[in-house]
Amino acid sequence: MKSNTITYIIPIAVLVLLMNSCGVINKRYTTPDSEFAEQYRDTLVNDTTSMATMPWKEIISDSVLQNLIEEGLQNNLDLKVAIENINQAKASLVEAKLAVLPSLEGSASVTRSKTSESSLNLGGVTGINLNTTSYIGQLSSSWELDVWGKLRSNKRAVLASFLETEAATKAVQTQLISDIATAYYNLLALDEQLKITKKTLENRIGDQETMKYLKESAVVDGAAVVQSEASRYEIETSIPDIEISILEQENALAILLGRLPGAIERTSLKEQTAYNDLKIGIPSSLLRNRPDIQEAEMAFRSAFEDVNLAKTYFYPSLTITASGGLSSLDLSNFFDNSIFYNLIGGLTQPIFANGENKARLKINKSVQQQSFYDYKAAWLNAGSEISNALYSYNKTKEKQESRAHQIDALEKSVEFTEALLEYSSSTNYTDVLTTKNSLLSAQLDGVEDKKDELQAIIELYRALGGGWMN
């Protein structure tokens, strides 16, 4: 009987395996088309090399900032959470791989039973109790033949989910490096603005004393003295706002570093050397470099395999179950008595499942379509970020050149108006104050221009996918 069962099972298994190998059910995955990201906006690229492939330490030369980034990569809590997601996905992948193997279980049992019999003799009815004990030990195995690719599709879906999680972690890392550098440059800019403002305050205090002297000399009137005093206090009141911003930025950076709020070691804005070899590479390299695009593709691939998996539920499953062991009524000769075994092969064909299989397939197809839209959006977003960062960098360079001329002209204007105020009646302190306020604004804007240049480089590096490759 068992031999006959095997005789029927093997041809069926061979038939369905051949059908599956011919691609009757499952489709083979291919990377979605990305023709919608063939070029960058207003930018011609001839060099296939991208700065994204460079280690971040070559883009960022400040050793203090490098140490802070290293600390963030070790201690940042968002990155730690992402790494735990990888660990969970890795365990799920191992589970999916093992699902294609036969299961093996062992069991042992002792059964004690009692029965009563009655017998009729000359003295009356006599009851006889029979006690029996049986000992059974067995191994059982079950194996579902993956004839329709159900288990393989599931394994590929789980693998794609694992790769998606890995890519998501890389995306967290690239964003973390960018955030730390951006916060650091913000701090340096605030430090420089505070330095300029304090220097300006010293000058306004000097102006106040000069106006008092010039009033005594009848060069200016009392209005100039009051204006100089008001200007001094205007500058003085702006300093606490900058100091508050510095403290808040330090605390924000401390969170990125995974440490308690506190002071942040740093250099100065003037010590920063901007990386200028901005090679962006061809758009198609973004799939290899940008982890968020990789993440979106793996999400699509997982959804694609889920559709394949849903299709297999419409077809029968082939399961082979085998068990065997020993049984005995006497434990002392347990290994000497009866051996039992059986082998069962069965096909299970879904007939009526309340539309569950159709609903599952419809849902998975919809999820797959959503994943494709997300994948396309990731490409479009990447192109937009690169365009923005590159354009911002070019414009900050233009602004810095114009700003230098503006500051130079205003410094000369301040000198001229101060001289006219002291030695001529052709001007007044209002003109001097207006020129000085314009100079202060230009100097503060110049700090912003330098900071924007440094941050645009970091943003371009991140937008190209830099920061996760060694």
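Please read all numbers here as calculations on a predicted model, not as lab measurements.

Conventions used here
Residues numbered from 1 in each chain as written. Predicted model: local features only at pLDDT ≥ 70, side-chain atom pairs only at ≥ 80, totals over all residues. Heavy atoms only, no water. Helix = DSSP H or I, 4+ residues; strand = E, 2+ residues; numbered from the N terminus. Buried < 20%, exposed > 50% of the residue type's maximum accessible area, 1.4 Å probe, protein only. Contact = heavy atoms within 4.5 Å. Areas by Shrake-Rupley, 256 points an atom, 1.4 Å probe, with all protein chains shown as cover. Salt bridge = Lys/Arg side-chain N within 4 Å of Asp/Glu carboxyl O. Phe/Tyr/Trp six-rings, centres within 6.5 Å; stacked < 30°, edge-to-face > 60°. 1 Å grid on protein atoms, 1.4 Å probe; cavity = no way out; pocket = protein on both sides within 12 Å on 5 of 7 lines; lining within 4 Å. Points joined across faces, edges and corners; volume = space filled by probe spheres on them. Nonpolar A, V, L, I, M, F, W, Y, C, P; charged D, E, K, R; others polar. Expected span 1.5 Å × (residues − 1). Core = buried A, V, L, I, M, F, W, Y, C linked by side-chain atoms within 4.5 Å. Axes fitted to C-alpha atoms, helices over the stretch in contact; angles between N-to-C directions. Parallel < 35°, antiparallel > 145°, perpendicular 65-115°, else oblique. Left-handed = near helix turned anticlockwise from the far one by under 90°. pLDDT = per-residue confidence, 0-100. Polar contact = N/O pair within 3.5 Å; in protein donor to acceptor, adjacent residues only side chain to side chain.

Draft legend 1. Inspection of the overall build of the protein at higher detail. Helices and strands together make up the secondary structure of the protein, namely 10 helices and 4 strands. Scanning the protein from its N terminus toward the C terminus, one meets helices and strands in the order α-α-α-α-β-β-α-α-α-α-β-β-α-α. By residue count, 39% of the 470 residues in the protein fall in the buried class. Of the contacts formed within the protein by residues at least 6 apart in sequence, a portion of 82% connects residues at least 24 apart. Split by element, the accessible area of the protein, about 26500 Å² in all, is 54% carbon and sulfur.

Draft legend 2. Quick look at the pattern of salt bridges. A complete count under the given rule lists 23 salt bridges for this structure. Of the charged contacts in the structure, one is a salt bridge between Glu356 and Arg360, with a shortest N-O distance of 3.1 Å. Of this pair, Glu356 and Arg360 both sit in helix H9 (residues 356-423), separated by 4 residues, roughly a single helical turn. In this structure, Arg462 engages Glu385 in a salt bridge whose closest nitrogen and oxygen atoms are separated by 2.6 Å. Here Arg462 is found in helix H10 (residues 429-463), whereas its partner Glu385 is found in helix H9, with 77 residues between them in sequence. On the basis of relative accessibility, which here comes to 18%, the residue Glu385 falls in the buried class.

Draft legend 3. Structural detail: the packing of aromatic side chains. This structure, assessed with the given rule, holds 4 aromatic pairs. Measuring from centroid to centroid gives 6.1 Å for Tyr184 and Tyr185, while their planes differ by 65°, and the two rings are edge-to-face. Like Tyr185, Tyr184 is buried. Ring plane angle 80° and centroid distance 6.5 Å describe the contact between Tyr375 and Trp379, whose orientation is recorded as edge-to-face. Remark: Trp379 and Tyr375 occur in helix H9; sequence separation between them is 4 residues, near one turn of the helix. Considered together, Tyr375 and Trp379 belong to a single accessibility category, that of buried residues. Among the aromatic residues, ring-to-ring pairing joins Phe300, Phe372 and Tyr373 into one connected group.

Draft legend 4. The layout of surface pockets, seen in detail. The computed volume of the largest pocket comes to approximately 530 Å³. In terms of lining, the largest pocket is formed by 24 residues, of which the most central are Ile196, Ile407, Glu411, Leu439 and Gln443. Listed by contribution, the elements that provide at least two residues to the lining of the largest pocket are helix H5 (150-216), H9 and H10. The leading source of residues in the lining of the largest pocket is H10, at 8 residues. Among the residues making up the lining of the largest pocket, the classes are represented as 8 nonpolar, 5 polar and 11 charged.

Draft legend 5. Geometry of helix H6 (residues 222-256). For H6, which comprises 35 residues, the first-to-last C-alpha distance of 53 Å matches the rise-based estimate of 51 Å (1.5 Å per residue) to within 8%. Gly258 sits one or two residues past H6 and shows a positive phi near 75°.

Draft legend 6. Spotlight on the nonpolar core. Core analysis: the biggest nonpolar cluster contains 59 residues, and Ile60, Ile180, Tyr185, Leu253 and Leu460 have the highest contact counts within it. Elements supplying a minimum of two residues to this core: helix H2 (56-59), helix H3 (63-75), H5, H6, helix H8 (291-312), H9 and H10. Take this core: its biggest share by element is 14 residues, from H5. Beyond its immediate stretch of four places on either side in the chain, Ile60 contacts Leu65, Gln66, Ile69, Ile177, Ala181, Tyr185 and Ile458. By size, the runner-up hydrophobic cluster in this structure holds 9 residues, among which are Met211, Val220, Ala224 and Tyr429.

Draft legend 7. Spatial organisation of the packing of H8 against H9. Viewed as axis vectors pointing N to C, H8 and H9 meet at an angle of 165°, and their least axial separation amounts to 8 Å. Relative to H9, the element H8 lies roughly antiparallel. In the crossing of H8 with H9, the sense of the turn from one axis to the other is left-handed. Along the lines of polarity and charge, the residues of the contact of H8 with H9 split into 15 nonpolar, 3 polar and 7 charged.

Draft legend 8. Expanded view of the packing of H9 against H10. In contact at an axis separation of 7 Å, H9 and H10 are set at 160° when each is read in the N-to-C sense. It follows that H9 is roughly antiparallel to H10 by the angle criterion. Pair H9 / H10 crosses with left-handed handedness. Grouping the constituent residues of the contact of H9 with H10 by class yields 16 nonpolar, 10 polar and 14 charged.

Draft legend 9. Main features of the confidence of the model for the protein. Averaged over every residue, the pLDDT of the protein is 80; residues scoring 70 or more account for 73%. For residues 1-6, every residue scores under 50 in pLDDT, and the model assigns this stretch 7 contacts once sequence neighbours within four places are set aside. pLDDT under 50 marks residues 18-23. Its contacts with residues more than four places away, or in other chains, come to 8 contacts.

Draft legend 10. Focus on H10. The terminal C-alpha atoms of H10 lie 50 Å apart, and with 35 residues this matches the ideal 51 Å at 1.5 Å per residue to within 8%. Gly465, located one to two residues past H10, shows a positive phi value of around 105°.

Draft legend 11. Representation of the side chain of Glu250 within the structure. Looking at the element boundaries, Glu250 is found in helix H6. Here Glu250 falls in the buried class, since its relative accessible area comes to 12%. A polar atom in the side chain of Glu250 sits 3.3 Å from the backbone nitrogen of Ile264. Beyond its immediate stretch of four places on either side in the chain, Glu250 contacts Leu187, Gly262, Ala263, Ile264 and Arg266.

Draft legend 12. Seen up close, the side chain of Thr169. Note that Thr169 resides in helix H5. Ignoring anything within four residues of it in the chain, the contact list for Thr169 reads Leu79, Ala82, Ile83 and Ile86.

Draft legend 13. Broad picture of the environment of Arg152. Inspection of the secondary structure puts Arg152 in helix H5. Judged by relative accessible area, which is 31%, Arg152 ranks as partly exposed. It is 8.5 Å that separates the C-alpha atoms of Arg152 and Leu309, two residues lying 157 residues apart in sequence.

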